[in-house]
Each structure stands twice: as structure tokens, then as C-alpha cells.
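A structural walkthrough
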Amino acid sequence: MKRQSPESSATIKKQIHKRLQNRQSIRELYQQMAWKTLVKVGSQTKGLYEEYETIKVRGQVLRVGDSVLINSGDQHDEDYVGTLKQIISIKEPTTAKLICLCRIQWYMRKSEIIKSKPKCSEWISEQELFITNHQEYILAQSIISSCKILGCNEYQELDEIESTIYFNRLEWDVQKKQFGNMDSVQQFCFCFQPVNPDRQYIQCDSCKNWYHFECVGIKNGKYNQKEFHCSKCQ
Ligand SMILES: [Zn+2]
Ligand SMILES: [Zn+2]
């Protein structure tokens, strides 16, 4: 018969101790809302951690990959927007209740971007979102509903604009506070700006370039003549 070596019994003791420690810390981490550490500890403890492809929130089935609106608390007017990257549950060992967490890749809205780029306010649409390199865990219950994020061209082709339809064409680096792929965006008008679907444009019948109404002196949003020729082509 093999006798247990003193080392292995010490290892078992260590494991049991670690498990107990994990059980305690899951409760504490939950109270501290330290989600990232909670996921790390939970995934290291057998039987506490589970991943899912779908989740039901407020009667709506959401899948990994869906875009979602997230409750931003009382201090903010606008909901947060993100993409659902991962759905996880961690069992709280003392009560056996499930803590449901979602890993979210964040989008930024105009209101956030113009804090560091106020000049960009003219060309950024109210429905425009900027994909970030920032991911975070949130409580699943803070998700409000799914939403739609289209490409810029697709968005401009819509007949009707709904408040839960957004578009994305640019990346935003959260650390450097700058756009990631600005070169990929076409500039228009004499003012050389990316197109803003919220504003009115007119096309020159000669050069076929597009101009803001304001930049070519069209007032009250109305142009009654049949043809338009920009100042370069006149
Ligand atoms: Zn212009
Ligand atoms: Zn022209």
C-alpha cells in the first residue's frame, strides 16, 4: 500500500484552504462590484463558473455579438452602448444565487468624444458611435435592450431614423483619446469634413461634389432652383 507523502497532504490542505478562501472572496468581490476579479476567481473554482450563448433580459433574448443599450445610472442622460462579447454566471457559494455578468465592448457617443475633440462636433452625428478598444464586465441586469449599429452608408440609406438605430465608421482609442482610422473617411465640402447625416447637403451639377447648405449660403434649408453649381464651377 502506498503511503501518502507529507507533501501531497500539504497540497490537499492548501487546495481546500484556497477553495474556502475563494468562497469567501466571491461574496466580498460581489459586494465590491469587482467584476473582473470575480470572474477570475470564479473561473478557478470548480462548479461555480458557467458561460452561455444567449441570455434573456427584460423578456428579450440576447446573443453574444448583439449590440445593447446599457443603463448608465441617474447622472447620465444617455444610455451606454456596447457589444455583448461574453455571457457568464458565477454561483455565489453561500447562497447558491447566480451572479450574471456580461463582458461588453464599449462604444463612445458624440457627447464623450467632443469632450476631448470639441471641433469635431460639426461632423459627428447624434446617432454616431465610435468603437473602442475598451472591454469591461457589467451586471447582466443593467442591460436595457438590444439596439442596431449600422455602417455609415447603410445608415444614410434609411428612410426613417429611429432612436435605437446608430452607425459606426470610426474607432476611438480610449487611452490616447484619438480616432483610430481617420484616413479611411472621405472629406466633403469646402470645409473638408466627414459627412454628417444629420446635416443637409447639396451636390454640384458640374463637379458632383457635395456641400453643406450653410457653406454655400443656402438659407432656411431651402433651395428652389433646378441646378446648383458651386463657386469653383461657376
Ligand atoms: Zn461645409
Ligand atoms: Zn462644383
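Everything numeric in this text was worked out from a predicted model, so none of it was measured.

**Describing the overall build of the chain**
A count of helical and extended segments in the chain gives four helices and 14 strands. Computed over its C-alpha atoms, the radius of gyration of the chain comes to 26 Å, more than 25% above the 17 Å expected for a compact globule of 234 residues. Overall, the C-alpha framework of the chain stretches about 100 × 35 × 35 Å when taken along its three principal axes. The buried share of the chain, taken over its 234 residues, is 37%. Considering only contacts within the chain whose residues lie at least 6 apart along the sequence, 54% involve residues at least 24 apart. Counting only carbon and sulfur atoms, one obtains 47% of the accessible surface of the chain, whose full area is about 15,400 Å². Charged side chains of the chain number 33 positive and 28 negative; the gap between the two group centres comes to 11 Å.

**Regarding the UniProt feature "domain: BAH" (unreviewed entry) in the chain**
When the UniProt feature table is mapped onto this chain, "domain: BAH" (unreviewed entry) is found at residues 60-183. As a span, residues 60-183 carries 10% helix and 52% strand, and end to end its C-alpha atoms are 38 Å apart.

**Here we look at the coordination of the zinc ion (ligand 2)**
Within the protein, the zinc ion (ligand 2) binds to Cys204 (SG), Cys207 (SG), Cys230 (SG) and Cys233 (SG); these donor distances fall in the range 2.2 to 2.4 Å. For the zinc ion (ligand 2), all donor residues lie on one chain, and their spacing in sequence is C-x2-C-x22-C-x2-C. Here Cys204 is found in the loop between β13 (201-203) and β14 (210-212), whereas its partner Cys230 is found in the segment after β14, with 26 residues between them in sequence. Taken as a pair, Cys204 and Cys230 share a single burial class, namely buried.

**Notes on the coordination of the zinc ion (ligand 1)**
The coordination sphere of the zinc ion (ligand 1), as far as protein atoms go, consists of Cys189 (SG), Cys191 (SG), His212 (ND1) and Cys215 (SG), spread over 2.1 to 2.3 Å. Given four donor atoms and angles of 97 to 120 degrees at the metal, the environment of the zinc ion (ligand 1) is assigned as tetrahedral. All donor residues of the zinc ion (ligand 1) come from one chain, and their arrangement in sequence is C-x1-C-x20-H-x2-C. On the criterion of sequence distance, the pair formed by Cys189 in the loop between β11 (187-188) and β12 (193-194) and His212 in strand β14 is long-range, its members being 23 residues apart. For Cys189, a relative accessible area of 8% translates into the label buried. The buried category is assigned to His212, whose relative accessible area is 0%.

**A look at unusual backbone geometry**
A positive phi angle, close to 70 degrees, is found at Cys189, a residue other than glycine. A positive phi angle, near 65 degrees, is found at Lys208, a position not held by glycine. With respect to the helices and strands, Lys208 occurs in the loop between β13 and β14.

**Observations regarding the UniProt feature "domain: PHD-type" (unreviewed entry) in the chain**
Following the UniProt record, the feature "domain: PHD-type" (unreviewed entry) maps to residues 186-234 here. The annotated region residues 186-234 carries 0% helix and 20% strand content, and the separation between its end C-alpha atoms amounts to 24 Å.

**So, the pairing of strand β3 (residues 60-63)**
As judged from the four bridges shared by strand β2 (residues 54-57) and β3, these two strands associate in the antiparallel manner. The residue bridging Thr54 from the neighbouring strand is Arg63, located in β3. Between β2 and the antiparallel strand that follows it, β3, lie two residues; Arg58 among them carries a positive phi value of about 45 degrees.

**A few points about the nonpolar core**
Among the nonpolar cores identified, the biggest contains 16 residues, and Tyr155, Val195, Ile202, Cys204, Tyr211, Phe228 and Cys230 are the most heavily contacted of them. Elements with a minimum of two residues in this core: α4 (152-156), β9 (165-173) and β13. Every residue in contact with Tyr155, bar those within four places of it in the chain, is listed here: Gln127, Leu150, Ile161, Ile165, Tyr166, Phe167 and Pro197.

**Regarding the side chain of Thr83**
Within the fold, Thr83 resides in strand β5 (residues 80-92). Residue class for Thr83 comes out buried when judged on its relative accessible area of 10%.

**Considering the pattern of salt bridges**
Side chains that carry opposite charge are capable of pairing whenever their charged atoms lie near each other. Enumeration according to the criterion identifies six salt bridges in this entry. Among the ionic pairs, Arg109 bridges to Glu78, the shortest N-O distance being 3.9 Å. Separated by 31 residues along the polypeptide, Arg109 in strand β6 (residues 97-109) and Glu78 in the loop between β4 (67-70) and β5 bring together distant segments of the chain. Assessed through its relative accessible area of 13%, Arg109 is described here as buried. Here Arg199 and Glu214 are joined by a salt bridge, their closest N and O atoms 3.3 Å apart. Linking Arg199 in the loop between β12 and β13 with Glu214 in the segment after β14, this pair joins segments that are 15 residues apart in sequence. Judged by its relative accessible area of 53%, Glu214 falls in the exposed class.

What counts, and where the lines are drawn
- Residues numbered from 1 in each chain as written.
- Chains lettered and ligands numbered in written order.
- Predicted model: local features only at pLDDT ≥ 70, side-chain atom pairs only at ≥ 80, totals over all residues.
- Heavy atoms only, no water.
- Helix = DSSP H or I, 4+ residues; strand = E, 2+ residues; numbered from the N terminus.
- Rg over C-alpha atoms; globule rule 2.2 N^0.38 Å.
- Buried < 20%, exposed > 50% of the residue type's maximum accessible area, 1.4 Å probe, protein only.
- Contact = heavy atoms within 4.5 Å.
- Areas by Shrake-Rupley, 256 points an atom, 1.4 Å probe, with all protein chains shown as cover.
- Lys, Arg positive; Asp, Glu negative; His and termini not counted.
- Charge placed at Lys NZ, Arg CZ, Asp CG, Glu CD.
- UniProt positions renumbered as here; feature names shortened; annotations may be inferred.
- Donors = N, O, S within 2.8 Å, 3.2 Å for Na, K, Ca; no water.
- Tetrahedral: all angles 85-135°; square planar, octahedral: opposite > 155°, others 65-115°.
- Pairing = 2+ DSSP bridges.
- Core = buried A, V, L, I, M, F, W, Y, C linked by side-chain atoms within 4.5 Å.
- Salt bridge = Lys/Arg side-chain N within 4 Å of Asp/Glu carboxyl O.

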